[in-house]
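# Architecture at a glance
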Amino acid sequence: MILGIDIGGANTKAASSDGSFIKSIYLPLWRGAELEGWLRRFAELKPEAVAVVMTGELVDCFENKMMGIRRIKAVVEEAFKCPLLFWGVDGFDPEDIRELSGANWSASANFIAHEIGDCLFVDMGSTTIDLIPIKGTYLASRTDFLRLANGELVYTGLLRTCLGNLLPFARIKGNVVRTSPELFAIAADAYLALQEISLEEYSCDTPDGAGKDRTSALRRLARCVCADLEEIGEEGALAIADQVCDQQFRLIVDAIHYQANKHNLSRIVAAGIGERVISRAARFLGMGILGLSEIYGRNISEIFPAFAVAKQLEMSMV
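These figures come from a predicted structure and were not determined experimentally.

Bringing unusual backbone geometry into the picture now. We note that Gln195 has phi near 60°; this positive angle belongs to a residue other than glycine. Structurally, Gln195 can be placed in the loop between helix 6 (187-193) and helix 7 (214-223).

Turning next to the pairing of strand 8 (residues 129-135). Along strand 8, six of the seven residues are buried, which leaves the element largely enclosed by surrounding structure. Here strand 7 (residues 119-124) runs beside strand 8; their pairing, made up of six bridges, is antiparallel. Residue pairing across strands places Val122 opposite Leu131, the latter belonging to strand 8. Here strand 7 folds back onto strand 8 in antiparallel fashion, the turn holding four residues. Note: strand 8 against strand 10 (residues 153-154), two bridges, orientation antiparallel. Residue pairing in the sheet places Asp130 in a bridge with Leu153 of strand 10. Taken together, strand 8 and the strand that follows it, strand 9 (residues 137-138), pair antiparallel across an intervening segment of one residue, in which Gly136 is found at a positive phi of about 80°.

Turning our eyes to something else, we now look at the layout of surface pockets. In this model, the largest pocket occupies a volume close to 660 Å³. Along the wall of the largest pocket there are 30 residues; nearest its centre are Gly9, Thr55, Thr127, Thr128 and Tyr155. Contributions of two or more residues to the lining of the largest pocket are made by strand 1 (2-7), strand 2 (11-16), helix 3 (104-115), strand 7 and helix 4 (144-149). Residues of the lining of the largest pocket, tallied by class, amount to ten nonpolar, eleven polar and nine charged. Size it by volume and the second largest pocket reaches roughly 400 Å³. If you trace the second largest pocket, you find 21 residues lining it, with Ser24, Glu201, Ser203, Ile273 and Glu302 closest to the centre. At the level of elements, strand 2, strand 3 (22-26) and helix 11 (298-302) are the ones that each hand at least two residues to the lining of the second largest pocket. Of all the elements, strand 3 adds the most residues to the lining of the second largest pocket, at five residues. Looking at the lining of the second largest pocket, its residues break down into eight nonpolar, six polar and seven charged.

Cut-offs used in this document
- Residues numbered from 1 in each chain as written.
- Predicted model: local features only at pLDDT ≥ 70, side-chain atom pairs only at ≥ 80, totals over all residues.
- Heavy atoms only, no water.
- Helix = DSSP H or I, 4+ residues; strand = E, 2+ residues; numbered from the N terminus.
- Buried < 20%, exposed > 50% of the residue type's maximum accessible area, 1.4 Å probe, protein only.
- Pairing = 2+ DSSP bridges.
- 1 Å grid on protein atoms, 1.4 Å probe; cavity = no way out; pocket = protein on both sides within 12 Å on 5 of 7 lines; lining within 4 Å.
- Points joined across faces, edges and corners; volume = space filled by probe spheres on them.
- Nonpolar A, V, L, I, M, F, W, Y, C, P; charged D, E, K, R; others polar.

Listed below in structure tokens is the structure:
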């Protein structure tokens, strides 16, 4: 077994290069989640070699990204006794470990460049969206800061995005209401209320610690306009949900349109738990669309950086 691991701030994902093992665990590092324990469980699989990418160094339990890189790297090295490689922006084991920071997108993009070819690779996760132009090789900026500046990283996701960040105003029963910027509801509540995701797909914490059932989601949506569900009714809460999803969709469409025009690309390759949203955006823009779930299956699409880095380690060992 060749194992790939993607250690994020909120989720840790693992996949074998043959796709026989796939795992995604909600592990919020800023809350002291037990990363060490899960890595030891992965080590019990007795992999022949392990490849690691990370984005978790950004979480605010670390004083800075370098501290996060060193801490995550040390924990991984303690867990595994087999050959172990870390993927940086330009490939395995860079001389400067700062290049390990936020490099999971480059593992995916490098693999897509070789396996599929020119495209705009778009991966929508629970928290962010990567938009990586590929023309022969990937053309994205090297750091998260520069990717944000150049529109190659958009900080919105299918689950964890605060509703107030997406929807400053809501139209409810003829009123235009400013939404509260408090963490009362997240994108997952909107998608769950509209039955766009299942309870099982709501894989992060709820803002209030209450249930992940539809009624609880509707109550959280109502609270975003400082109301009880009984006050604005299900109709009012669903209006908020509709507007949240529409606003996020428009944001994604604009981001894809900008990158596609900038790099003269007409095809989207979509991945992540938000692959369906990306596919709708591509069709809206009249662009060609290939979802990685069509090639590798939905489970691999949702943890693609872990799979991609495992495949590249496997290829390097041949």
